[in-house]
Structures are given as C-alpha cells and as structure tokens.
Amino acid sequence: MGGMERPALDDFTWRVGGPQGSGIETAATLFAQALARGGWWVSARREYHSNIMGRHSYLDVRASRRPTRAFFERVNLLAALDAETLARHLNEIQPGGVLVYDPDAARRPLSKLAMLDGAAYKRISAALGGGDPVLERALEHYRAGGVRLVPLALEPLAREVGEAVGADALTAKKTLNTVAVAASLALLGYPLEFLDAALAAQFAAKPRVAELNRKVAAEVYRRVEPLADAGLEPIGSPGERIYVNGSHASAMGKVAAGLGFMSYYPITPATDEPFYLEAHPESGVVVVQVEDELAAVNMAIGASMAGARAALTTSGPGFALMTEALGFAGLTETPLVVSLYQRGGPSTGLPTRTEQGDLRFALGAGHGDYPRAVLASASVEDTFADAALAMNAAARFQLPVVHLMDKYLASTTRTVEPFDAGAVEPDPGVVAEAAEGVFPRFSLAAEGGVSPRIPVGTPGAGYWITSDEHDEVGHITEDPELRDAMMEKRAAKIEALREWLGPEKMYRTHNPEAETLVLGWGSTEGVALEAMEGLDLGYVQVRFLLPFPDLGALLEDKRLVVLEYNQSGQFARLLTQETGRKPDHLIVKYNGRPMTIEEVRAAFEAVLSGEAGAYTVLRAGV
Amino acid sequence: MELKLADYKSDLAPDWCPGCGDYGILSALQTALYKLGIEPSRAVLVSGIGCSAKTVHYAATYGIHTLHGRPLPVAQGVKLANPELTVIAMAGDGDGMGIGAGHFVGVGRRNPDLLYLIFNNEVYGMTKGQASPTLELGAQPKSLARPNIQSKVNPLMLAFASGFTFIARGYAYDVKNLARLIQQGLEHRGLAMIDVLQPCPTYNNLHTREWFAPRVYDINAAGYDPRVPRDMSDAERAERMARFTLKATEWGERIPTGVFWQAELPSFEERLGEFLPGYPKTAPATRPPGGEAERARALMRGHRVAE
C-alpha cells in the first residue's frame with residue numbers, strides 16, 4: 001500500500017491505560033516527547049487512583065498543529081496494556097480510531113479483572129448486555145462501528161523483542177512501555193528517529209537502559225506494519241519549546257520572583273511543586289518538609305518575617321489546617337503565597353481528581369476580617385505569570401495571597417514556548433530606607449495601607465510582631481481607637497491592590513461582543529474556548545476573585561452562562577454578590593474528571609438552542 | 001558602643017501577676033544575652049500564646065508573639081531564612097507540650113541551631129488555671145473542679161526521644177543558674193531545650209515557691225557530666241542514656257536541674273548546606289537580590305524538548 005496517499009492529521013489523541021505503577025507515565029512522556037520533537041504541540045493529562053500500585057490509571061496525549069489546553073472524550077488510538085483498560089475505555093474510541101490490545105486479555109470475563117470495582121463492573125456489564133461478559137465478544141460490536149482492531153500482544157512482544165536484542169526475560173519485560181509506544185508510533189507511520197531521540201533523552205542517566213530501549217524500539221518498528229491510512233508525520237521543529245506541567249510552571253514563576261523559602265507537608269496534588277524544587281537546588285530555594293500543615297504555614301510566615309520570599313503549596317485538607325495562620329499573616333501584614341491545588345472535596349473526597357470546590361473557602365478562610373488576595377490560573381502559561389504576580393502582590397501589599405490551581409492544571413503537561421523570566425521583576429515591596437531604635441513596623445502613616453517594612457533582624461533596629469491587635473511598634477493593644485485605625489489601615493490594601501493590578505490583570509475576554517457570555521475561572525478557560533469555536537458565544541476569564549474586577553458594564557444586557565467545577569456554583573454566587581447579576585445558566589461538573597470538549601460543546605449548544613435549563617451537570621469521564 | 005543590661009529591656013512594664021515565675025525567666029534571658037554580648041537587634045524572641053508569650057514584648061530585641069502552639073515553626077522559619085540571627089523560641093507548657101507538641105517532636109528531628117524555653121507551671125494561666133499537660137495525674141490545684149485524670153508528659157524524656165541535642169531544666173526563681181543555663185543553651189551548636197519550672201502564684205497552689213525551694217538541686221554541681229561526644233563508645237553511650245533516664249524521671253523530694261544531655265549532631269543548617277549550594281551564606285533573607293530570572297531559566301533548561 002506504500003504508494004497510497006495518506007491524509008495528513010491535524011489533531012490526534014493517544015490514550016495509554018494500565019495498572020498504576022507499571023510505568024505508563026513514562027510511556028506517555030515518550031510518546032509526547034517523540035511528537036514534540038517532530039514539531040507537534042502536545043499536551044498530556046493524567047488520571048489515576050489514590051493508590052501506589054495496581055489500580056487503573058491512564059494518560060491521554062493530544063498532539064495538534066496548534067497549542068491546545070483541553071481534551072476530547074474520544075481518542076484516536078487506545079493502547080490497552082491490560083484487560084481493565086479495554087473494559088473501561090472501549091466506548092471512547094472514535095469511529096475510525098484504532099485499538100491496540102492483547103487478544104489474550106480480551107478473552108477474560110469481566111469478573112476476572114481483580115481491580116475493577118463493583119460500580120464500574122455493574123456499569124460495564126450492563127453496557128455490554130449484562131451478565132459476566134467476555135470483552136472479546138464486545139469487540140465485534142465496536143469493529144462494526146468503525147473501530148480498527150489491532151490485536152497485538154504487547155507483553156509477549158516485549159519478551160520476544162527483548163530476547164532478539166539480547167536481554168534476559170526480566171529486563172525485557174521492563175521495556176513494555178517502550179514497546180507500546182513504539183508499536184503505536186509504528187502503526188501510525190511516524191518516523192522512528194524521533195522516538196529514538198526521546199528514548200536517549202529519557203534514559204540519559206542510564207546509558208545501558210537507553211541502549212536496550214532504543215534497540216527494542218527499532219526491533220518493534222521492524223515487526224509492526226504501518227496502518228494504511230493513518231499518517232502521522234513530523235510537522236516541524238520544536239525550537240525552544242519546553243514540556244512542563246502546572247506544578248513546574250508554578251515553581252518557575254515563584255523562583256523568577258525571588259522565592260527563597262518553601263515549607264511543605266505531603267499532600268496530593270500539591271506536593272509535586274516543592275518536591276520538584278527540592279530536586280533542583282539550582283533554584284536556590286530552601287525547601288523543608290515538616291511535621292504538619294500547621295508547621296508548614298507558620299514556618300513560611302517566620303521566614304517571610306525575616307525577609308525571605310516565602311510560599312507554600314497545599315490542597316483542601318491541608319489548607320483547612322492552615323486557616324488560623326492565614327489570619328496571622330493577614331493581621332501581622334506578612335507577605336505569604338499559598339498555592340492551593342484544589343482536588344475533589346469535601347473531606348478527603350477524591351484525592352487524585354480535579355475540582356474547583358475551594359473558591360468560597362479561599363475567599364473566607366480564617367476568622368475575623370483581614371485583607372487577602374485570591375487569584376486563579378487558567379493554564380500552564382498563566383500559572384508561571386500568576387505565581388510570580390502572587391509573589392509580587394504579597395511583597396508589595398504585605399498580605400497573604402491564595403493562588404488557586406487544581407489537579408487538572410497541576411498534572412497536565414504541555415509543550416509551551418519558554419516563559420519570559422526576564423519580564424518578571426521581583427518587587428522589593430515598600431522598604432524603609434533607614435531604621436534605628438524602635439521601628440514603627442505598623443506605622444499608620446501608610447499609603448494604601450502599606451507601612452514601610454524592614455525584616456526582623458535588621459541591625460540597629462527593633463520592633464515586635466503579635467497576633468493580637470497592636471500599636472505601631474507591634475505591642476498588644478485593646479484600645480478602641482487604635483483598633484479602628486489598624487483595621488482601616490489594613491483594609492485599605494484591597495483598593496490599593498486593585499489599582500496596582502489594573503483591569504487587564506484581573507480578567508480577560510474573548511469575543512465579548514457576543515450576546516451570550518460564558519464566565520469561568522481557573523482551568524475551565526481552555527475547554528470553554530475550544531468548545532465554543534464557531535458558536536456565537538463570548539468568554540470572560542475572571543483571574544482575580546479577590547479583589548473582584550468591575551464587570552458591570554461588560555455584562556450589561558448579556559445572557560450569562562457560568563461554567564465551573566463544583567456542585568453549588570461557588571463562582572456563580574460570587575458573581576451575583578459582586579455584580580448583582582444572577583447567571584441564566586450554570587454548567588457544572590463535580591465527578592472529578594476534566595470537562596471534555598464534546599460535553600461542554602453540547603452544553604453550549606443547548607444554551608444557544610434554548611434547550612438548556614438553569615442548571616446542567618456534566619458527567620463524562622472514566 | 002558598650003552594651004548595658006538595660007539595653008535588653010523594653011519600655012513596656014510586664015503585666016504578669018505579682019510573684020509570677022515569668023519575671024525570673026525574663027531577667028535570666030536578658031542577663032544571658034547581655035553576658036554573651038549578643039546585639040539586641042540580632043536576637044529574635046518567638047513566643048506562643050498565654051502569659052509566657054508576653055515575654056517577647058518586654059525585651060528590646062525583635063519579638064514575635066505568634067499563635068497558640070506555633071512558636072517553634074515560626075522560629076525555625078526565621079532561623080533558616082537568616083541563620084546569622086540568634087533565635088530563641090519560648091512556650092508555656094500548654095503551648096509547647098499540648099497544642100504544639102507535634103512541633104516539639106518535629107524540631108527535635110531537625111536540630112536547628114536555636115534555643116527553646118518551656119515555661120512550665122503545670123496550668124493554663126491565661127484561661128484561669130486548667131490542667132496543663134505537665135500536671136500530675138490526680139493533682140488538684142485550687143482552680144480545678146476535680147482531680148486531674150490525665151497523666152503528665154515529661155518534657156525531658158520527650159526531648160530525648162525526639163532527638164534534642166541539649167536538654168536542660170532550670171528553675172525560674174534561681175535566676176543566676178537559669179541565666180547560666182540559657183547562656184550554655186545559646187552557646188550549644190544545635191537545638192537546646194530548657195524546661196523551666198515555675199510557680200503560678202495565682203492558680204497553682206500545689207507547686208509553690210515554698211514547695212520548690214527545698215527540692216531543686218543542681219546536678220552538674222553534684223558532678224553529673226551531660227556531654228556525649230560523637231566518638232563515645234556504644235557501651236558508654238548506653239550507660240549515659242540510663243543515667244539520663246534516672247535523672248530525668250527523678251521527681252518529688254528531690255528535683256534535679258541543670259544540663260542533662262549534650263550531644264553533637266550536625267545542625268539542620270549544616271544538613272541543608274550539603275545540598276543547597278552556598279547555604280547558609282546564600283540564605284534567602286541575607287543573599288543580595290539578583291539572579292532570579294537566571295535561576296528560573298536554569299529550571300526551564302531541564303524541560304527543553306530538544307537539546
């Protein structure tokens with residue numbers, strides 16, 4: 001079939017699924033890197049259970065000719081490394097898509113899949129006609145629907161190929177992920193040289209492992225025939241592009257803004273950021289793993305009081321423990337950035353799944369009134385800039401800043417142009433030029449509520465800091481007039497911050513002339529923009545939740561739709577509180593899985609056609 | 001300019017009850033700082049919540065009066081950000097042994113170069129005399145409605161189990177010896193803890209000044225050597241541990257004070273320095289600004305798709 005012209009692809013999604021701990025993440029990285037090296041814009045998302053080994057996990061790698069920030073429900077190629085992947089994802093292959101699977105695994109009845117939980121078993125069994133179905137029989141149905149079946153026993157192939165290149169059985173088995181990637185790319189007709197380079201880079205520290213995997217990949221390419229019409233070709237050069245996720249971008253943004261100290265207590269999905277910094281001492285950041293979240297937040301506050309630029313990361317349960325100290329930072333006017341990586345709540349909730357359920361919590365965390373800022377990042381690129389902005393806002397206005405992220409953003413890895421680190425100017429804040437003797441750290445002569453600051457330990461001077469209400473030098477007071485003056489001084493920061501930010505940093509719009517505007521915050525922007533392509537809709541991304549931008553004029557006479565990842569519509573309620581406008585439609589998702597382009601598109605179309613009710617729940621995902 | 005003892009006193013008059021042990025601790029602290037010639041502006045006192053926590057306001061150093069239970073984390077943040085500073089954390093027994101006990105264990109495992117004082121009067125004073133974690137089982141000071149039905153924690157033993165490298169006990173009304181202990185604690189390289197016994201004249205009518213006076217004695221003056229050098233043999237170390245346990249649990253007719261344990265272990269700052277280039281010289285609060293963009297670019301280089 002070599003002479004046949006193959007249609008060039010514009011957009012392609014590869015899904016690999018298997019048991020957790022089997023290395024499918026490496027597989028996804030190899031696939032993504034091979035395509036990225038050929039000039040594709042790639043993004044990879046990761047879904048996993050709260051489990052170390054054995055439970056079902058999968059990754060989607062989407063490659064496109066343009067940068068993308070969202071994922072489709074249906075994939076072009078599913079590489080099923082085990083029977084459970086086959087059972088769970090059969091329904092998500094596009095017509096014309098490809099299924100690579102182990103025919104032996106397909107012969108097992110559903111009841112033999114040890115890690116398949118009861119709810120999933122019932123659902124899949126019902127979908128396949130009830131009883132204890134054997135997957136193989138279901139395959140025929142999908143083949144009839146246009147899915148191309150490629151029975152390829154990957155494990156035996158890994159063994160065979162491994163032996164062919166001289167590896168022992170155990171070592172050969174470890175190349176299964178390389179075999180899966182090589183087989184997929186060979187089927188798609190993508191040149192081996194890019195995978196070869198990706199393997200060399202992936203195993204750069206282990207030359208023998210690299211050599212074995214490269215040999216294995218080459219051998220797989222010799223054995224697997226390309227599909228006739230699935231032409232995946234290199235489209236250019238990656239140039240300077242980097243491959244990063246939200247956790248990395250957040251760390252890089254903070255470092256560019258002068259981060260010096262980060263304390264943390266392990267929690268999913270927030271720990272990747274400090275763990276990454278710990279692994280990279282060139283960041284210059286003192287990273288300390290501590291005994292609990294109370295220690296984490298208070299240690300960062302101490303470091304900040306001494307003059308370090310301090311930040312920490314956490315997720316809902318950890319943030320709950322930090323709230324007392326957040327008020328301490330607010331009252332003592334201590335710069336502090338908390339990156340709050342939201343996951344499914346409440347309580348332990350869905351620890352490894354995504355949600356935007358902590359907005360109201362972030363806005364109100366802590367007792368008493370104190371100024372704070374809350375912003376949310378929409379993308380990897382935003383995250384870099386926002387993390388730096390959060391650091392600078394904290395330093396300039398001497399207050400806690402909550403930087404909202406989510407699990408989806410944290411664990412979605414994308415190719416992007418390098419971040420402009422040179423554009424970040426670490427803001428020194430308002431620093432007193434000279435200080436001697438007792439220093440009025442909380443001076444009421446404070447423009448925008450900000451008293452000039454010197455760090456604790458500045459030679460020749462001294463002052464006190466207290467969690468009680470205090471006077472200008474930091475001694476405890478219960479004086480009613482001083483209390484009012486201090487409360488009002490601190491509260492003044494919010495308006496000063498709003499002015500400093502300007503509207504362009506607080507929100508952005510896409511096609512705001514449309515009659516119907518979708519509003520969102522955080523990571524919904526990517527999926528919303530892609531889902532509304534060609535529809536008569538506009539979009540408003542609210543980047544600062546506190547202070548809240550002035551949207552009154554923009555929203556006037558518009559029909560309003562809010563899209564967010566929580567049950568109660570936390571942002572929708574905030575919108576009403578801040579603008580007096582109640583959204584006409586609220587579209588939410590809270591099953592912990594990222595919104596798919598298809599389901600958001602369908603929800604938007606229903607809004608435009610008049611079929612949508614006031615409240616729509618999105619339910620896609622595995 | 002020659003430093004005077006008065007340079008360590010703030011303009012604020014203490015509002016503790018007459019006869020409170022806190023006066024003695026404050027005085028011993030100021031004396032120790034003065035004797036060591038530590039610039040007041042290079043010392044940071046960090047307290048929790050309660051009567052003891054007000055101490056920081058009466059010293060003319062930098063003072064941080066934190067949250068209930070949290071002086072240790074805040075103090076460690078200050079120290080790790082600027083290791084050149086002398087950092088002294090202090091907490092009441094409720095603060096340190098109750099709500100903040102997790103940090104006590106945590107800091108012991110790290111051994112940062114700081115001093116931790118526990119103001120131990122067996123009651124929660126500010127909230128009107130509830131039983132603290134150091135009050136004996138069955139004891140009933142006048143403020144309690146019934147005898148205490150929880151056992152007491154021994155700060156010395158917990159410090160030992162947590163890895164503290166300097167473990168001492170002082171007595172608030174023996175200011176001279178307490179000042180000497182504080183001086184020794186400040187000179188110790190690593191984490192020093194002093195459990196300071198003190199009467200609460202308002203709520204603890206059991207362990208009063210009169211009760212303590214005939215009981216407390218100085219173990220070091222009586223010949224107890226607390227030093228446990230790094231190269232000590234295992235057998236000798238085991239013998240020292242047994243001796244420590246005997247002294248640390250002695251309570252009643254005789255109450256030992258002094259230094260019970262002094263070991264050598266790398267400080268947390270030294271441990272960090274093994275991995276962070278230049279630390280503590282490059283500590284985040286003392287390094288000059290600049291190089292931030294380059295550090296971010298260095299991280300990005302590791303993510304380049306193509307070399």
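Computed from a predicted structure; not experimentally measured. (Residues numbered from 1 in each chain as written. Chains lettered and ligands numbered in written order. Predicted model: local features only at pLDDT ≥ 70, side-chain atom pairs only at ≥ 80, totals over all residues. Heavy atoms only, no water.)

### Examining the overall build of chain B
Part 1: A count of helical and extended segments in chain B gives ten helices and eleven strands.
Part 2: What you see for chain B is a C-alpha radius of gyration of 21 Å, in line with the 19 Å of a compact globule of 307 residues.
Part 3: Taken along the three principal axes of its C-alpha coordinates, chain B extends 75 × 55 × 45 Å.
Part 4: Burial analysis of chain B (307 residues in total) assigns 57% to the buried set. (Helix = DSSP H or I, 4+ residues; strand = E, 2+ residues; numbered from the N terminus. Rg over C-alpha atoms; globule rule 2.2 N^0.38 Å. Buried < 20%, exposed > 50% of the residue type's maximum accessible area, 1.4 Å probe, protein only.)

### A closer look at the UniProt feature "domain: Pyruvate/ketoisovalerate oxidoreductase catalytic" (unreviewed entry) in chain A
Part 1: Taking the numbering used here, the UniProt-annotated feature "domain: Pyruvate/ketoisovalerate oxidoreductase catalytic" (unreviewed entry) corresponds to residues 21-221 of chain A.
Part 2: When the span residues 21-221 of chain A is considered, its composition is 49% helix and 17% strand, and the gap between its end C-alpha atoms is 26 Å. (UniProt positions renumbered as here; feature names shortened; annotations may be inferred.)

### Structural notes on the pattern of salt bridges
Residue and element names in this part refer to chain A.
Part 1: For the structure on display, the rule yields 53 salt bridges over all chains.
Part 2: For the salt bridge of Arg62 with Asp11, the shortest nitrogen-to-oxygen distance reads 2.7 Å. Of the two residues, Arg62 is situated in strand S3 (residues 56-64) and Asp11 in strand S1 (residues 11-19); the sequence distance between them amounts to 51 residues.
Part 3: Note on Arg62: relative accessible area 0%, which makes it buried.
Part 4: Where Arg46 meets Glu25, a salt bridge forms, and the shortest distance between an N and an O atom there is 2.9 Å. (Salt bridge = Lys/Arg side-chain N within 4 Å of Asp/Glu carboxyl O.)

### A short note on the pairing of strand S8 (residues 261-264) of chain A
Residues in a regular strand project their side chains so that they alternate between the two faces of the sheet.
Residue and element names in this part refer to chain A.
Part 1: The alternating pattern of S8 places Phe261 and Ser263 and Met262 and Tyr264 on opposite faces, both of which are buried.
Part 2: By the bridge criterion, four bridges tie S8 to strand S9 (residues 286-289) in an arrangement that is parallel. Bridge pairing in S9 places Tyr264 opposite Gln289.
Part 3: Viewed along the sheet, the connection from S8 through helix H12 (residues 272-279) into S9 turns out right-handed. (Pairing = 2+ DSSP bridges. Right-handed = clockwise from strand over helix to strand, strands pointing away.)

### As for the sheet that holds strand S5 (residues 93-101) of chain A
Residue and element names in this part refer to chain A.
Part 1: The sheet built from eight strands is open, its strands ordered S6-S5-S4-S1-S3-S2-S14-S7 with mixed pairing. Looking at strand neighbours, the two that pair on one side only are strand S6 (148-151) and strand S7 (242-245), the edges of this open sheet. This sheet shows a mean twist of 20° between the axes of neighbouring strands, independent of strand direction.
Part 2: Where strand S4 (residues 75-80) lies against S5, four bridges are found, and the strand directions are parallel. When the bridges of S5 are listed, Leu77 appears paired with Val98. (Axes fitted to C-alpha atoms, helices over the stretch in contact; angles between N-to-C directions.)

### Re the packing of aromatic side chains
Part 1: This model, assessed by the stated rule, comprises 23 aromatic pairs over all chains.
Part 2: A ring pair is formed by Trp16(B) and Tyr23(B), whose centres lie 5.2 Å apart and whose planes are at 85°; its orientation type is edge-to-face.
Part 3: The exposure class of Trp16(B) is buried, given its relative accessible area of 7%.
Part 4: Positioned above the aromatic ring of Tyr48(A), the side-chain terminus of Arg46(A) is 3.9 Å from the ring centre.
Part 5: The ring of Tyr173(B) has Arg209(B) sitting right over it, with the charged end atom 3.9 Å from the ring centre. (Phe/Tyr/Trp six-rings, centres within 6.5 Å; stacked < 30°, edge-to-face > 60°. Lys NZ or Arg CZ within 6 Å of the ring centre and 35° of its normal.)

### Details of the UniProt feature "domain: Thiamine pyrophosphate enzyme TPP-binding" (unreviewed entry) in chain B
Part 1: Listed under "domain: Thiamine pyrophosphate enzyme TPP-binding" (unreviewed entry) in the UniProt record, and renumbered for this structure, are residues 50-196 of chain B.
Part 2: The span residues 50-196 of chain B is 33% helix and 22% strand, and its two end C-alpha atoms sit 16 Å from each other.

### Overview of the nonpolar core
Part 1: Residues Phe419(A), Leu519(A), Leu545(A) and Phe571(A) are the most contacted members of the largest nonpolar core, which totals 148 residues.
Part 2: Here Leu545(A) is in contact with Leu359(A), Leu363(A), Val374(A), Leu375(A), Ala376(A), Trp521(A), Phe571(A) and Leu574(A), once residues within four sequence places are set aside. (Core = buried A, V, L, I, M, F, W, Y, C linked by side-chain atoms within 4.5 Å. Contact = heavy atoms within 4.5 Å.)

### Points about the confidence of the model for chain A
Part 1: Residue-level pLDDT values for chain A average 95, and 99% of them are 70 or greater.
Part 2: Contacts of residues 1-6 of chain A to residues separated by more than four positions or lying in other chains number nine contacts, the stretch itself having pLDDT below 50. (pLDDT = per-residue confidence, 0-100.)

### So, the packing of helix H8 (residues 176-187) of chain A against helix H10 (residues 207-223) of chain A
Residues and elements named next belong to chain A.
Part 1: With their axes 9 Å apart at the nearest point, H8 and H10 run at an angle of 35° to one another. For H8 against H10, the interelement crossing comes out right-handed. Here Thr178, Val179, Ala182, Ala183, Leu185 and Ala186 of H8 come into contact with H10, specifically with Asn213, Val216, Ala217, Val220 and Tyr221.
Part 2: Split by residue class, the contact of H8 with H10 holds nine nonpolar, two polar and no charged. (Left-handed = near helix turned anticlockwise from the far one by under 90°. Nonpolar A, V, L, I, M, F, W, Y, C, P; charged D, E, K, R; others polar.)

### Thoughts on the pairing of strand S19 (residues 516-520) of chain A
All names here are of chain A.
Part 1: The buried fraction of S19 is high, at five of five residues.
Part 2: Alignment of S19 against strand S22 (residues 559-564), held across four bridges, turns out to be parallel. The residue bridging Leu517 from the neighbouring strand is Leu560, located in S22.
Part 3: Sheet topology places S19 next to strand S20 (residues 538-542); four bridges connect them, and they run parallel. In the strand pairing of S20, Gly520 is matched with Gln541.
Part 4: A crossover connection joins S19 to the parallel S20 through helix H20 (residues 524-531); in handedness this β-α-β unit is right-handed.

### Observations regarding the interface of chain B and chain A
Part 1: Taken together, the contact between chain B and chain A spans 53 residues of the former and 72 residues of the latter.
Part 2: Summed over both sides, the interface between chain B and chain A buries roughly 4700 Å², with carbon and sulfur atoms accounting for 66% of that surface.
Part 3: Between the two partners, chain B and chain A, sit two salt bridges.
Part 4: With a closest N to O distance of 3.8 Å, Glu240(A) and Arg304(B) form a salt bridge.
Part 5: Scanning the region where chain B abuts chain A turns up 22 residue pairs in polar contact (both at pLDDT 80 or more).
Part 6: Listed by contribution, the elements that provide at least two residues to the side of chain B that touches chain A are strand S2 (62-65), helix H2 (71-81), helix H4 (101-110), helix H9 (268-273) and helix H10 (292-301) of chain B.
Part 7: Among the elements that take part in the side of chain B that touches chain A, H10(B) stands out by supplying eight residues, more than any other.
Part 8: By residue class, the composition of the side of chain B that touches chain A is 30 nonpolar, 13 polar and ten charged.
Part 9: Across three bridges, strand S17 (residues 464-466) of chain A lies against S2(B) in parallel orientation. Within the sheet, the bridge partner assigned to Trp464(A) lies in S2(B) and is Gly63(B). (Buried area = accessible area lost by both parts, 1.4 Å probe. Polar contact = N/O pair within 3.5 Å; in protein donor to acceptor, adjacent residues only side chain to side chain.)

### Description of the side chain of Arg453(A)
Residues and elements named next belong to chain A.
Part 1: When you line up the elements, Arg453 lands in the loop between strand S15 (437-438) and strand S16 (461-462).
Part 2: For Arg453, which is buried and forms no salt bridge, the nearest opposite charge comes from Glu333, at a distance of 8.7 Å.
Part 3: With sequence-adjacent residues up to four places away left out, Arg453 is seen in contact with Ser304, Met305, Pro335, Gln398, Val430, Val431, Ala432, Phe439 and Arg441. (Lys, Arg positive; Asp, Glu negative; His and termini not counted.)

### Things to note about the sheet that holds strand S23 (residues 585-589) of chain A
Residues and elements named next belong to chain A.
Part 1: Taken in spatial order, the six strands make up an open sheet running S18-S20-S19-S22-S23-S24, and their pairing is mixed. The two strands at the open ends of the sheet, each matched to only one other strand, are strand S18 (507-510) and strand S24 (615-618). In this sheet, neighbouring strand axes are inclined to one another by 20° on average, regardless of whether the strands run parallel or antiparallel.
Part 2: Its contacts with the sheet put helix H22 (residues 570-579) on S19, S20, S22 and S23, and the angle it makes with S22 is roughly 140°.

### Focus on empty space enclosed by the protein
Residues and elements named next belong to chain A.
Part 1: A full pass over the atoms with the stated rule returns five cavities of 30 Å³ or more.
Part 2: Estimates place the volume of the largest cavity at around 70 Å³.
Part 3: Lining of the largest cavity is provided by Arg69, Ala378, Ser379, Val380, Tyr408, Leu409, Thr412, Arg414, Ser523 and Gly526.
Part 4: Residue composition of the lining of the largest cavity, grouped by class: four nonpolar, four polar and two charged.
Part 5: If you go around the second largest cavity, the residues you meet are Arg15, Arg45, Tyr58, Phe72, Glu73, Glu92, Arg593, Pro594, Thr596, Gly621 and Val622. (1 Å grid on protein atoms, 1.4 Å probe; cavity = no way out; pocket = protein on both sides within 12 Å on 5 of 7 lines; lining within 4 Å. Points joined across faces, edges and corners; volume = space filled by probe spheres on them.)

### Some details on helix H1 (residues 22-35) of chain B
Given 3.6 residues per turn, any residue in an α-helix points the same way as the ones three and four places further on.
Residue and element names in this part refer to chain B.
Part 1: Spanning 14 residues, H1 covers 20 Å between terminal C-alpha atoms, matching the ideal 20 Å at 1.5 Å per step.
Part 2: Judged by how many residues are buried, H1 sits mostly within the fold: ten of 14 residues are covered.
Part 3: Listed as buried for H1 are Asp22, Gly24, Ile25, Leu26, Ala28, Leu29, Gln30, Thr31, Ala32 and Leu33.
Part 4: Packed against the buried residues of H1 are strand S1 (43-47), strand S3 (86-92), strand S4 (115-120), helix H6 (175-187) and strand S8 (192-197).
Part 5: Positive backbone phi, at 65°, marks Gly37, one or two positions downstream of H1. (Expected span 1.5 Å × (residues − 1).)

### Notes on the layout of surface pockets
Part 1: What the largest pocket holds in volume is close to 1300 Å³.
Part 2: The wall of the largest pocket is formed by 47 residues, among which Glu25(A), Thr29(A), Asn245(A), His248(A) and Thr413(A) lie closest to the centre.
Part 3: Counting only elements with at least two residues in the lining of the largest pocket, the list comes to helix H1 (24-37), strand S2 (41-47), S3, helix H9 (192-202), S7, H12 and helix H17 (407-411) of chain A.
Part 4: For the lining of the largest pocket, the element with the most residues is H1(A), which contributes eight residues.
Part 5: Tallied by class, the residues present in the lining of the largest pocket amount to 19 nonpolar, 21 polar and seven charged.
Part 6: Each of domain 1 (11-223) and domain 2 (243-423) of chain A accounts for three or more of the residues forming the lining of the largest pocket.
Part 7: Along the walls of the second largest pocket sit 39 residues, with Gly307(A), Ala308(A), Arg309(A), Pro284(B) and Ala285(B) positioned nearest its centre.
Part 8: Ranked by residue count, the leading element in the lining of the second largest pocket is helix H16 (residues 380-397) of chain A, at three residues.
Part 9: Residue composition of the lining of the second largest pocket, by class: 21 nonpolar, ten polar and eight charged.
Part 10: The residue makeup of the lining of the second largest pocket includes at least three contributed by each of domain 2 (243-423) and domain 3 (437-501) of chain A. (Domains from an automatic or database assignment.)

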